[in-house]
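The lines below spell out each chain.
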Amino acid sequence: MPTMTFREALLDAMHIEMQRDPHVFLMGEEVAEYDGAYKVSKGLYKQFGSMRVVDTPISEAGFAGVGVGAAMAGLRPIIEMMTWNFGIQGFDQIINHAAKMRYMSGGQFDMPLVFRGPNGAAHMLSSQHSQYVEAMLVNIAGLKVVCPSNPADGKGLLASSIRDNNCVIFLESEMMYSHTGDVPKGEYLVPLAKGVIRQQGQDVTLVSWGKALWKVMGYLSDIEKQLGISVEVIDPRTLQPLDIELIANSVRKTHRLVVVEEGWGFASVGSEIAAHITQLCFDDLDAPPFRVSSSFVPMPYAENLEHEVMPQKEDVLGAIKHISYL
């Protein structure tokens, strides 16, 4: 099994799907001749040409709308948002058209459309370039929202998203593009709406996704050694629809839940998970679910303030100690 970066795994998925299905095409800013702002589409323009790898003007609302129309016409567009901060410009097309067209047409139009690009804070990009959009978009009926945390899932989930007949929001991270991992060769699919247990444990269930999960896994062993407990780690992978039963089964075993996310905590994905678990597992819980998220302020530019705002190791440590009564 070859080792790939996250960016190479995404490229591999698009390359295979474009070879497999001539209806698949890629569109976005700088995706063609420049090979993508983050080189995720490197080489695709040279191989597939300008009809299937399309550079667009700087107009997210415009090319999001073109993607909706193309999907209605039977194509399978992949729309790259250079960053989801810019993708907010296209929310009218995504929310009012891509999400609703299949329903409003009584199933006459499929919507095999993927919007993908980096989500959330990178490093010292300040408030207008650090948006986490998952909580905004999981609340829209008709959208599927996917957030991979490693290269293998990046490849498998993107391939499944491209083959899906519903609009899929695919959330990446600038900070993870160089992250490496083993990735299966050839066609590889990871099912949507199916989470996975990243680490078995007995004492606490910890749920996280995307870059936040990647960071947590880097220091979790130190926390476990320090506290003398074992933590079961759940990666939902798909946030909408959410594999809540996987989380509930884990909580029934550990009796405790911590959710770690880098977005704002109010009305967040973490809030929804905590509410579901409280309802489904009330009699199994030995402590209230605990949520760890970024401070409810616009993201600062200064590096030290950005660090203060976002969840860190000490925040996760404090959460696990709190619900374990340590």
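Each chain carries its own residue numbering, running from 1 in the direction its sequence is written. Local features are withheld for residues below a pLDDT of 70 in this predicted model, meaning they are given only at 70 or higher, and side-chain atom pairs are given and counted only at 80 or more; totals for whole chains, interfaces and linings count all residues. Note that the side-chain values use all heavy atoms of the structure and ignore hydrogens as well as water.

K.L.:
Can you walk me through the overall build of the protein in this structure?
P.N.:
Per the convention used, a helix needs a DSSP run of H or I reaching at least four residues, while a strand needs a run of E reaching at least two, with both numbered from the N terminus. When helices and strands are tallied, the protein shows 13 helices and 14 strands. Rg of the C-alpha trace for the protein: 20 Å, near the compact-globule value of 20 Å for 326 residues, within the 12% margin. For the C-alpha atoms alone, the extent of the protein along its principal axes is close to 60 × 45 × 40 Å. Per-residue burial over the protein gives 55% buried out of 326 residues. The contact definition used throughout considers only heavy atoms, calling two residues in contact when any of these lie within 4.5 Å. By sequence separation, contacts in the protein at least 24 residues apart represent 81% of the contacts at least 6 residues apart. Working definition of accessibility: Shrake-Rupley area with a 1.4 Å probe, residue cover restricted to the visible protein chains. When the accessible surface of the protein is totalled, it reaches about 13700 Å², and 54% of it is carbon and sulfur. Each charge class in the protein was averaged separately, 26 positive and 38 negative side chains, and the resulting centres sit 5 Å apart. Radius of gyration means the value over C-alpha atoms here, while the globule rule gives 2.2 Å times the residue count to the 0.38 power. Partly exposed describes any residue whose relative accessible area lies between the buried limit of under 20% and the exposed limit of over 50%, with all areas from a 1.4 Å probe on protein chains only and scaled to the type maximum. Two residue types count as positive, namely Lys and Arg, and two as negative, namely Asp and Glu; His and chain ends fall outside the count. Where a charge lies is defined by one atom per residue type, namely NZ (Lys), CZ (Arg), CG (Asp) and CD (Glu).

K.L.:
What's the story with the domain arrangement of the protein in this structure? I'm lost.
P.N.:
A common way to report how large an interface is uses the accessible area buried once the components associate. Assigned domains of the protein: these are domain 1 (3-182) and domain 2 (196-323). Between the C-alpha centres of domain 1 and domain 2 there is a distance of 26 Å. With 27 residues of domain 1 in contact, the opposing surface of domain 2 contributes 25 residues. What counts as buried area is the accessible surface, traced by a 1.4 Å probe, that two parts surrender upon association, with contributions from both included. In this assembly, domain 1 packs against domain 2 so that about 2200 Å² is buried in total across both faces, 59% of it on carbon and sulfur atoms. When the buried area of domain 1 at its contact with domain 2 is split by residue, Met-124, Tyr-132 and Cys-147 rank highest and sum to 25% of it. Note on definitions: salt bridges are taken to be side-chain nitrogens of Lys or Arg within 4 Å of carboxyl oxygens of Asp or Glu. Linking domain 1 with domain 2 are 2 salt bridges, by the criterion used here. Salt-bridge contacts for Arg-237 lead to Asp-153; the nearest nitrogen and oxygen are separated by 3.3 Å. Here a polar contact is recorded for every N or O atom pair within 3.5 Å, except that within protein the pair must consist of a potential hydrogen donor and a potential acceptor, and residues adjacent in sequence are included only if both atoms are side-chain atoms. In this structure, the connection of domain 1 to domain 2 is made through 15 residue pairs in polar contact (both at pLDDT 80 or more). Only helix 7 (134-137), strand 6 (143-146) and helix 8 (151-163) provide two or more residues apiece to the side of domain 1 that touches domain 2. Looking at the side of domain 1 that touches domain 2, the element that brings in the most residues is strand 6, giving 4 residues. Amino acids outside the nonpolar list (Ala, Val, Leu, Ile, Met, Phe, Trp, Tyr, Cys, Pro) and the charged list (Asp, Glu, Lys, Arg) are all regarded as polar, and Gly is one of them. For the side of domain 1 that touches domain 2, the class distribution of residues is 15 nonpolar, 9 polar and 3 charged. An automatic or database domain assignment provides the domain bounds reported here.

K.L.:
Would you mind going over the packing of aromatic side chains with me for this structure?
P.N.:
Note on aromatic pairs: each is described by the distance of the centres and the angle between the planes. Ring pairs are drawn from Phe, Tyr and Trp, using the six-membered ring of Trp, whenever the two centres fall within 6.5 Å, and their geometry is named by plane angle: stacked under 30 degrees, edge-to-face over 60, tilted for the rest. A complete count under the given rule lists 3 aromatic pairs for this structure. Seen from their ring centres, Trp-264 and Phe-296 are 5.6 Å apart, and the 75° between their planes marks the pair as edge-to-face. Residue Trp-264 is located in strand 13 (residues 257-264), and its partner Phe-296 is located in the loop between strand 14 (290-294) and helix 12 (303-309); the two are separated by 32 residues in the primary sequence. The exposure class assigned to Phe-296 is exposed, which follows from its relative accessible area of 62%. Whether a charge sits over a ring comes down to the Lys NZ or Arg CZ being within 6 Å of the ring centre and within 35 degrees of the ring normal. Across from the ring centre of Tyr-34, 3.4 Å away, lies the NZ or CZ of Lys-39, which sits over that ring.

K.L.:
What exactly am I supposed to notice about unusual backbone geometry here?
P.N.:
Among all residues except glycine, the phi angle is most often negative; among peptide bonds, the trans geometry is most common. Put simply, Gln-240 and Pro-241 share a cis peptide bond, and its omega is 0°. Tracing the backbone shows Pro-241 in the loop between strand 12 (238-240) and helix 10 (244-254). The phi torsion at Ala-267 lies on the positive side, around 50°, for a residue other than glycine. Mapped onto the secondary structure, Ala-267 falls in the loop between strand 13 and helix 11 (269-280).

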